[in-house]
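Okay, here's what each chain looks like letter by letter:
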Amino acid sequence: MKLIDGKMISGMIKDEVKEQVEKLKQQGKEVTLAVILVGNDPASSVYVGNKKKACEYTGIRSESYELPEDTTQEKLLALVEELNGRDDVNGILVQLPLPAHIDEKTVIDTISPDKDVDCFHPQSVGRMCIGEKGFLPCTPAGIIELLKRSDVEITGKHCVIIGRSNIVGKPMAMLMLRENATVTICHSKTKDLKEVCKSADILIVAIGKPKMIDSSYVKEGAVVIDVGIHRLEGKKLCGDVDFEDVKEVAGAITPVPGGVGPMTIAMLMKNCVSGVR
Ligand code: NAD
């Protein structure tokens, strides 16, 4: 069994970004990411903190907007519009979830597709689906990098994705299709989930249920990518895959932590640089 090391690969990507940022600086161009956080959700604060750290590491300038919980939608939209109009801002990220009185879709739709480093805007999603140049969604694009840099052949392979969310499952399917995999998407209404999973050469799991996938779902030698993140009692992290059990049959597997998680932020940094013109 090969361990797919997301910590190491994300480090390589951040180092590549750092080099590109340096080169752009020499051409007089600075890369800037604007990060907006509304309210004080503890998990969101941790994510935003990690994004800022990655910016510091890569040399990307981060501009941080920490707004109170009772910020009105109008005020938030006005800030997004202002950042859209600023030539010195390359990427805009609004940390989700937003407080209940703000409509997330309206906010996402207001971010300029040219600065939509999370790739959530419908235009960004459309571009990705038809293979036009544009930002790629961070978690799924990070998984493609993990596979490629671990020498996993994708072309012609049967890839089963469990989960159909807009952030992970659906865009993952589109990116695997672009890489010439044969793709099956499973979800909560799928019949014979185990049988479908057992036919996968590459199994990508994004269900949001701790350790749901054990070795009985996995074909001998399959590559298993675990997107799930859960904090167990005692603060230990685990994924949607029962790692200890599945590692006995998988040909390659990502751990949690240290698999997909660090890739998401590394790809965000990559998007920020690719947004510079
Ligand atoms: P989600 O809740 O939006 O979607 C879960 C999907 O799983 C749904 O499409 C649902 O149909 C499917 N599902 C639920 N129960 C099922 C079952 N019993 N059988 C088959 N399918 C089932 O979740 P999400 O946003 O896609 O996230 C999934 C997991 O990935 C979560 O644990 C989340 O924390 C994690 N995540 C990690 C990263 C990262 O950077 N590593 C990024 C995003 C999400």
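Data block above holds the structure.
In this report, we go over the structure that sits alongside the text. Bear in mind that the values here come from a model prediction, so they are computed numbers and not experimental data.

A few words on the packing of aromatic side chains. Aromatic rings considered in pairs are described by the distance between their centres and by the relative angle of their planes. By the definition in use, this model includes zero aromatic pairs. The cationic tip of K18 hangs over the ring face of Y57; the distance from NZ or CZ to the ring centre is 4.5 Å. Over the ring of Y217 we find K194; its NZ or CZ atom is 5.1 Å from the centre of that ring.

Here we come to helix 10 (residues 261-274). Taking 1.5 Å per residue, 14 residues should reach 20 Å; helix 10 reaches 21 Å between its end C-alpha atoms and fits that length. Against the buried residues of helix 10 lie helix 1 (6-26), strand 2 (32-38), helix 2 (42-58), strand 4 (91-94) and helix 6 (138-149).

Taken together, the neighbourhood of the ligand is formed by 21 residues, with R164, S165, K209, V227 and T264 sitting nearest. R164 places a main-chain nitrogen or oxygen 2.8 Å from an oxygen atom of the ligand. One nitrogen or oxygen atom from the side chain of K209 is found 2.9 Å from a nitrogen atom belonging to the ligand. Burial of the ligand by the surrounding chains reaches 72%, relative to a free accessible area of 860 Å². When the residues that make up the shell around the ligand are grouped by side-chain class, the tally is nine nonpolar, ten polar and two charged.

Here the focus is the side chain of S150. Secondary-structure assignment places S150 in the loop between helix 6 and strand 5 (158-162). Note on S150: relative accessible area 7%, which makes it buried. When near neighbours in sequence (up to four residues on either side) are disregarded, S150 contacts K2, I4 and I9.

It is worth spelling out the side chain of D240 at this point. Relative to the helices and strands, D240 resides in the loop between strand 10 (237-238) and helix 9 (243-246). K209 provides the closest opposite charge to the buried, unpaired D240, separated from it by 8.7 Å. Polar side-chain contacts of D240 include one of 2.7 Å to the backbone nitrogen of I207. Here the side chain of D240 touches G208 through a polar contact of 2.8 Å, landing on its backbone nitrogen. In contact with D240, not counting residues within four places along its chain, are V205, A206, I207, G208, K209, P210, K211, M212, I213, D226, G228 and H230.

This part covers helix 3 (residues 73-85). Here helix 3 is 13 residues long and its end C-alpha atoms lie 18 Å apart, about the 18 Å a rise of 1.5 Å per residue gives. Turning to helix 3, its buried residues number three or more, namely Q73, L76, L77, L79, V80, L83 and N84. One face of helix 3 carries all of its buried residues, which in axial projection span an arc of 155°. Facing away from the buried side of helix 3, by more than 90 degrees, are the exposed residues E74, K75 and G85. If you follow the buried residues of helix 3, they end up packed against strand 2, strand 3 (61-67), strand 4 and helix 4 (104-110).

Conventions used here
Residues numbered from 1 in each chain as written. Predicted model: local features only at pLDDT ≥ 70, side-chain atom pairs only at ≥ 80, totals over all residues. Heavy atoms only, no water. Phe/Tyr/Trp six-rings, centres within 6.5 Å; stacked < 30°, edge-to-face > 60°. Lys NZ or Arg CZ within 6 Å of the ring centre and 35° of its normal. Helix = DSSP H or I, 4+ residues; strand = E, 2+ residues; numbered from the N terminus. Expected span 1.5 Å × (residues − 1). Contact = heavy atoms within 4.5 Å. Near = heavy atom within 4 Å. Polar contact = N/O pair within 3.5 Å; in protein donor to acceptor, adjacent residues only side chain to side chain. Areas by Shrake-Rupley, 256 points an atom, 1.4 Å probe, with all protein chains shown as cover. Nonpolar A, V, L, I, M, F, W, Y, C, P; charged D, E, K, R; others polar. Buried < 20%, exposed > 50% of the residue type's maximum accessible area, 1.4 Å probe, protein only. Lys, Arg positive; Asp, Glu negative; His and termini not counted. Salt bridge = Lys/Arg side-chain N within 4 Å of Asp/Glu carboxyl O. Arc of directions from axis to C-beta.

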